[in-house]
Every structure is written in C-alpha cells, then in structure tokens.
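Observations on the three-dimensional arrangement
Here are the chains, one letter per residue:
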Amino acid sequence: MAQQHRTPIESGAPDGFQYMHPVMRKNFGMWKYHEHPRPGVLLHVAHGGDKIWTVKAGTQRILDVFTLRKLCDIGDKYADGYVRFTIRSNIEYMVADEAQVEPLINALEGEGFVVGGTKNSVAMISHTQGWLHCDIPGTDASGVVKAMMDELIDEFRGNNMPNRVHITTSCCQINCGGQGDIAINVQHTKPPKINHDLVANVCERPSVVARCPVAAIRPAIVNGKPSLEVDEKKCICCGACFPPCPPMQINDAEHSKLAIWVGGNHSNARGKPTFQKLVAAGIPNNPPRWPEATAIVKRILEAYREGARDWERINEWIERIGWPRFFEEVELPFTKYHIDNWRGARASLNASTHIRF
Ligand code: SF4
Ligand code: SF4
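Okay, so let's go over this structure. From a predicted model like this one, the values you see are computed outputs, not experimental measurements.

Observations regarding helix α3 (residues 101-110)
All of the buried residues along α3 are V101, L104, I105, A107 and L108. End-on view of α3: buried residues confined to an arc of 160 degrees, all on one side of the axis. Two residues or fewer past α3, G112 is found with a positive phi of approximately 95 degrees.

Comments concerning the site of ligand 1
In the vicinity of ligand 1, the contacting residues are T128, Q129, C134, I136, P137, S170, C171, C172, N175 and C176. Along the lines of polarity and charge, the residues of the shell around ligand 1 split into six nonpolar, four polar and no charged.

Considering helix α2 (residues 65-78)
Compared with the 20 Å implied by 1.5 Å per residue over 14 residues, the 20 Å span of α2 between its first and last C-alpha is a close match. Of the residues making up α2, those classed as buried are T67, L71, I74 and G75. All buried residues of α2 lie within an arc of 100 degrees about the axis, which places them on one face of the element. Away from its buried face by more than 90 degrees, α2 exposes F66, R69, D76 and K77.

What about the packing of aromatic side chains?
Per the counting criterion, the structure on display carries seven aromatic pairs. Consider the rings of W323 and F326, whose centres lie 5.5 Å apart with planes at 70 degrees: the pair is edge-to-face. Highlighted residues: W323 and F326, both in helix α10 (residues 323-329), separated by three residues, approximately one helical turn. Note on W323: relative accessible area 22%, which makes it partly exposed. When the centroid spacing of 6.4 Å and the interplanar angle of 45 degrees are considered together, the rings of W323 and F327 count as tilted.

Topic: the sheet that holds strand β13 (residues 256-262)
Pairing is mixed across the open sheet formed by four strands, whose spatial order is β7-β8-β13-β14. The sheet is open, and its two edges are formed by β7 (167-170) and β14 (277-283), each paired on a single side. The average angle at which neighbouring strand axes cross in this sheet is 25 degrees, direction not considered. Of the strand pairs in this sheet, β7 and strand β8 (residues 182-188) are connected by four bridges, and their pairing is parallel. In the strand pairing of β8, S170 is matched with N185. Relative to the sheet, helix α4 (residues 141-151) contacts β7 and β8, its axis offset from that of β7 by approximately 150 degrees.

Topic: the state of the cysteines
As enumerated under the stated definition, the model contains one disulfide in all. Paired by a disulfide, C203 and C245 hold their sulfur atoms 2.1 Å apart. Of note, the bridge from C203 to C245 carries an S-S torsion of about 70 degrees and is right-handed in sense. On the criterion of sequence distance, the pair formed by C203 in the loop between α6 (196-202) and α7 (205-211) and C245 in the loop between β11 (225-230) and β12 (248-249) is long-range, its members being 42 residues apart. Accessibility classification places C203 together with C245 in one group, the buried group.

Each value, and the rule that gives it
- Each chain has its residues counted from 1, following the order in which its sequence is written.
- Just so you know, chain letters begin at A and ligand numbers begin at 1, following the order they were written in.
- Where local features are concerned, this predicted model is filtered to residues with pLDDT of at least 70; where side-chain atom pairs are given and counted, the filter is 80 or more; whole-chain, interface and lining totals use all residues.
- No hydrogens and no water enter the side-chain calculation; it runs on all heavy atoms of the structure.
- Working definition: with a 1.4 Å probe on protein chains only, accessible area under 20% of the residue-type maximum means buried, over 50% means exposed, and in between means partly exposed.
- Counting from the N terminus, the helices are DSSP H or I runs at least four residues long and the strands are E runs at least two residues long.
- Working definition: the arc comes from the directions between the helix axis and the C-beta atoms, pointing outward to the latter.
- We define proximity as follows: a residue is near a molecule or strand when any one of its heavy atoms falls within 4 Å of that partner.
- Throughout, the ten residues Ala, Val, Leu, Ile, Met, Phe, Trp, Tyr, Cys and Pro are labelled nonpolar, Asp, Glu, Lys and Arg are labelled charged, and all others, Gly among them, are labelled polar.
- Helix span, expected: 1.5 Å multiplied by one less than the number of residues in the helix.
- Stacked, edge-to-face and tilted labels apply to pairs of Phe, Tyr and Trp rings (six-membered ring for Trp) whose centres lie within 6.5 Å, assigned for plane angles under 30 degrees, over 60, and everything in between, in that order.
- Only strands that DSSP links by at least two bridges are regarded as paired with each other.
- Axes here mean lines fitted to C-alpha atoms, for a helix over just the part in contact, with angles spanning 0 to 180 degrees between N-to-C directions.
- Residue contacts are counted whenever heavy atoms from the two residues lie within 4.5 Å of one another.
- A pair of sulfur atoms, both from cysteines and within 2.5 Å, is called a disulfide here.

Structure representation (structure tokens):
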C-alpha cells in the first residue's frame, strides 16, 4: 500500500519536543543546576539525578548539504542522533554518557569544526544573509564574519574574556542584525543615485516616499516621465528607499563603508538593556579579508579584556570608565558625529504613517 503522508502544515514551527534528546524531554523544566566542565561543553544536572552534556561547535551558518550530512553523521555515531542549531549558527550535540564527550569532540575537531563558544568566550558572530538571498545588502555579511572569525578563533575556543561577547554583523543599514556588544554594520555615505528611466516602470512611488524616515523624497516629473527626487540636504543615506525602488541605487564600491557600534545588550540580568553607540565610521568595506574593520574589533576586545572587571559586559565596562576613556583605550578618534542621544528625534524622524508630498 502506498505510504500515507501527513497533510503539510503551511505555517508555524513544528513541535520542538519531538526532536529533543529523551533525557532533555524527560527533565524539561526540572533542571537543578548546570556546570561548565571545559570550553565548548555544558553539563546540566536534573533534580532526579539525570545528567546531560552539551557539546557546541561553530559552523559557517550557510551550510552546504555535504557539510550538513557530515555533521549529522557525527551526531548519529557519537551523540545519540540528536542535534540542534543555536541562533548564532552553532551546532549542539547532547549526550547522556560522559564517556561519549571526548570522542565526540575529537570527531568534530578531526573534521575541522571548532568546539567552543560557551561561557566567557567571544560567541560566533551572528550575521545576516548578504548576497545569498536578500535584495538590499551593501556588503556580504557572511564574508566579514568569516574573515573576522578566522582571526578570533582562539577567543571562540577559550574563555579569556571578562564576560560573554556577542558580535553581530548586518549587510544593510536598516533591517536585521545589529544590537550586540560589538556590531559591524554597513554605512552608506552618499544619497541614492536615481535611474529616472526605470522609476515609473519599477517603483510604487507612494511606498517609496513613505519609506524615507526624514521625508526627503518627493514625486517629480523627469524627462517627461513620472519619477522621484531626493532632497540631498535632508537625506541621511540610510538606504531605506532602495528595497522598494531598486533604481534608487545606493550601493557603491567607494562610498558604502562599514561602521562599528559597541555596548548593545539585550540582557537585563544586572541592569537595563542598552542601545549600542557608534564608535568608528567610514571604515573601508574591503573584501576579501576586511583588515581595517577586523583590526578595530580586535583592539576593542583587547582593551576590554585588559580593562574590564570579571563579569562586566562591554557596556558595563564603558559605563564605569566613561566614554572619553574608552576612546583613549581603543585609540579611536572621537568626533561630533559620534554624538546622537536621539533628543529631537520626535520632530526630525518620520514617525507617522502619513505619506508626505
Ligand atoms: S541586514 Fe539588510 S541586506 Fe542583510 S539580510 Fe538583513 S535586510 Fe537583507
Ligand atoms: S530613504 Fe534614506 S537614503 Fe533614501 S532618500 Fe530617505 S534618507 Fe535618503
């Protein structure tokens, strides 16, 4: 008889319990404590006495099928056949027998994967998709991540930082990514260049006008055709008009730069969550190794390691020593462009859904 397939569910995530290691399923919500026996390994102990070891390894996030098969084969052979991916593209294997931990780590490292990323390490840099499947990037975030993680591999493997460091990259200035202890973002530095011949055929002009956060775009007739114009004095070069209107080309090999922001923190464990602040701008977007941006990130990490107290996150360290001292420590110039406390944003930012012509 032909196999009966289930009716596909077109929306929502599947029930995660079916993929959980049986020891985790059994002890869900009943963990007593956890320990960190070595970098890359966590041990959870349940109230009933069950133990489970989690081994974490970094991956390149955008995984080809051969690498995925290799990772799954390792899971089948050494880790009871259970894996899960973290939001920072790490793979985690769960084992209920301590004797399986060492062979699992050896198998992963033997295949070139790096075990680490736990406790006070530099976690895997999270990144957005870049050229792979997005239509608006100004750079390929995955390439920046690869180049930086190659140089930070020992910080991922070790536990040498005062506290955990989350680094993020994003390949445009407006959508996903951002908000890490250190964030590397694209920075456009000139207004969009409009291809007036294409606007009427490609763009829905009211949507484009509405996208601009500073109301710098107006409809216009150019060469007898409906088009758009930009008030360049108002434009903040954010790139938000490019997604709904590709003829408003903003990417540029010379003028699309990188910027580095620090001090973002989602956690409210010891204080309120914090926004990140700009500390370096106009950094060359220089593939394939991005040496200028990497050098600044390494300088910030080094100063943090030297200067912060145990358990201080980057934002807490900077708050304690003050921003002037931070700029001295990391040898970055401080300019008037670094100051933006969003006072006045209510008047200057487009906070309504009204279309302005
Ligand atoms: S950061 Fe921007 S360009 Fe990159 S994937 Fe997200 S929306 Fe697309
Ligand atoms: S959306 Fe951004 S880049 Fe486009 S015109 Fe407005 S401020 Fe300039």
